[in-house]
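What follows is each chain in one-letter form.
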Amino acid sequence: MSLKIDLTKSWLNHLEDEFSKTYMIKIKEFLRNQISQRKTIYPPGKEIFNCFNLTSYENTKVVILGQDPYHGAGQAHGLSFSVKDNISLPPSLKNIFKELNSDLKIKIPISGNLTSWALEGVLLLNSTLTVESNNPNSHQNIGWKFFTDKVIEVLGNKKEMVYILWGKNAQLKKSLINTQENLVIESAHPSPFSADKGFFGSKPFSRTNDYLIYKGKRPINWKLV
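Think of each chain on its own: its residues are numbered from 1, step by step along the sequence as written. Side-chain atom pairs in this predicted model are given and counted only at pLDDT of 80 or more, local residue features only at pLDDT of at least 70, and totals for whole chains, interfaces and linings cover all residues. Excluding hydrogens and water, the side-chain values take into account all heavy atoms of the structure.

**With respect to unusual backbone geometry**
Between Tyr42 and the following residue, Pro43, the backbone shows a cis peptide bond with an omega angle of -10°. Put simply, DSSP H or I for four residues or longer makes a helix, DSSP E for two residues or longer makes a strand, and each gets a number counted from the N terminus. By secondary structure assignment, the location of Pro43 is in the loop between strand E1 (41-42) and helix H3 (50-54). Positive phi values are uncommon outside glycine, yet Asn137 reaches one of about 65°. Following the sequence through the fold, Asn137 ends up in the loop between strand E4 (131-132) and helix H6 (144-155). Judged by relative accessible area, which is 23%, Asn137 ranks as partly exposed. At Lys203, a position not held by glycine, the phi torsion is positive, near 50°. Within the secondary structure layout, Lys203 lies in the loop between strand E6 (183-187) and helix H8 (204-214). Here's how the labels work: a residue is buried when its accessible area is under 20% of the maximum for its type, exposed when over 50%, partly exposed in between, all with a 1.4 Å probe on protein chains only. In this structure Lys203 comes out as partly exposed when scored by relative accessible area, which is 38%.

As structure tokens, then:
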């Protein structure tokens, strides 16, 4: 399994050195061992870095930080909270769409494919980039934290961005963000277990656009294509 496959030059300019570091070599070895044991890993190898390939470093204006990929068959494709077309909406995504409807009156989409958000400049980043089938958070401690911390660090060279941190896991990276030069939106996770505890009514989509407009930037078109 190659972890460098198809990673665009836009991000390689900032992250290439990471692929030769000890932690990344250990991630590669771990994933190869898992596959040799006939365990199923999501997303497929060619989609692990999909969020970077769809949202260039230069175009990134918003980061939505998730925990780890969906662990069901056919769901994960390298974008946090997103599923491929014709896949049933996971509960967290259903709640995201409910809040989108409440916040911006956008009709709840049928498809959960968030690619159009990525193309708008929303980096849909998970803290952990892989997962074992039907075993949520199973790769939390294999080293991905170092890589995604580095992503937040290199984004620190940009200013006037929006970071949307849903849940405690995402909020662990707040200390890496320059909160003086960027907007950080925090709330409960959209999971059914916590959405009623501060996610619903948090208005992350309108708050993001209000900030971008205030800073003279084009707002995000949150309506899915």
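**Brief notes about the layout of surface pockets**
Residues are said to line a cavity or pocket when one of their atoms sits within 4 Å of a point; the points come from a 1 Å grid over protein atoms alone, cavities being sets where a 1.4 Å probe fits but cannot get out and pockets being open sets with protein on both sides within 12 Å along at least five of seven lines. Grid points are joined across faces, edges and corners, and a volume is the space filled by probe spheres set on the points. Estimates place the volume of the largest pocket at around 490 Å³. If you trace the largest pocket, you find 29 residues lining it, with Asp68, Pro69, Tyr70, Ser92 and His189 closest to the centre. Taken together, the elements giving at least two residues each to the lining of the largest pocket come down to helix H4 (91-104) and strand E3 (122-126). Split into classes, the residues belonging to the lining of the largest pocket amount to 15 nonpolar, 13 polar and one charged. There is about 270 Å³ of room inside the second largest pocket. Along the wall of the second largest pocket there are 17 residues; nearest its centre are Ser127, Lys145, Asn169, Leu172 and Lys173. Counting residues per element, the lining of the second largest pocket draws most heavily on H6, which supplies four residues. Gly is placed with the polar residues, together with every amino acid not listed as nonpolar (Ala, Val, Leu, Ile, Met, Phe, Trp, Tyr, Cys and Pro) or charged (Asp, Glu, Lys and Arg). Grouping the amino acids of the lining of the second largest pocket by side-chain chemistry returns four nonpolar, ten polar and three charged.

**Digging into the packing of helix H2 (residues 22-36) against H6**
For any two helices packed against each other, the geometry comes down to the angle between their axes and how far apart the axes lie. Running from N to C, H2 and H6 point in directions that differ by 130°, and their axes come no closer than 9 Å. Between H2 and H6, the angle falls in the class oblique. In terms of crossing hand, the pair formed by H2 and H6 is left-handed. Two secondary-structure elements touch here, H2 through Tyr23, Met24, Ile27 and Leu31 and H6 through Trp144, Phe146 and Phe147. Here the axes come from fitting lines to C-alpha atoms, over the contacting stretch only for helices, and the angles between their N-to-C directions go from 0 to 180 degrees. Any angle between 65 and 115 degrees counts as roughly perpendicular, while under 35 counts as roughly parallel, over 145 as roughly antiparallel, and the rest as oblique. By definition, turning the near helix anticlockwise from the far helix through less than a right angle yields a left-handed crossing, and turning it clockwise yields a right-handed one. Here, two residues are considered to be in contact whenever any of their heavy atoms come within 4.5 Å of each other.

**Notes on the pairing of strand E5 (residues 162-166)**
Along E5, five of the five residues are buried, which leaves the element largely enclosed by surrounding structure. Going residue by residue along E5, you find Val162, Ile164 and Trp166 tucked away on one face and Tyr163 and Leu165 tucked away on the opposite face as well. Sheet topology note: the strand E2 (residues 62-66)/E5 ladder contains four bridges and is parallel. Bridge pairing in E5 places Val63 opposite Tyr163. Here, strands pair whenever DSSP counts at least two bridges between them. The pairing of E5 with E6 spans five bridges and is parallel. Bridge pairing in E6 places Ile164 opposite Ile185.

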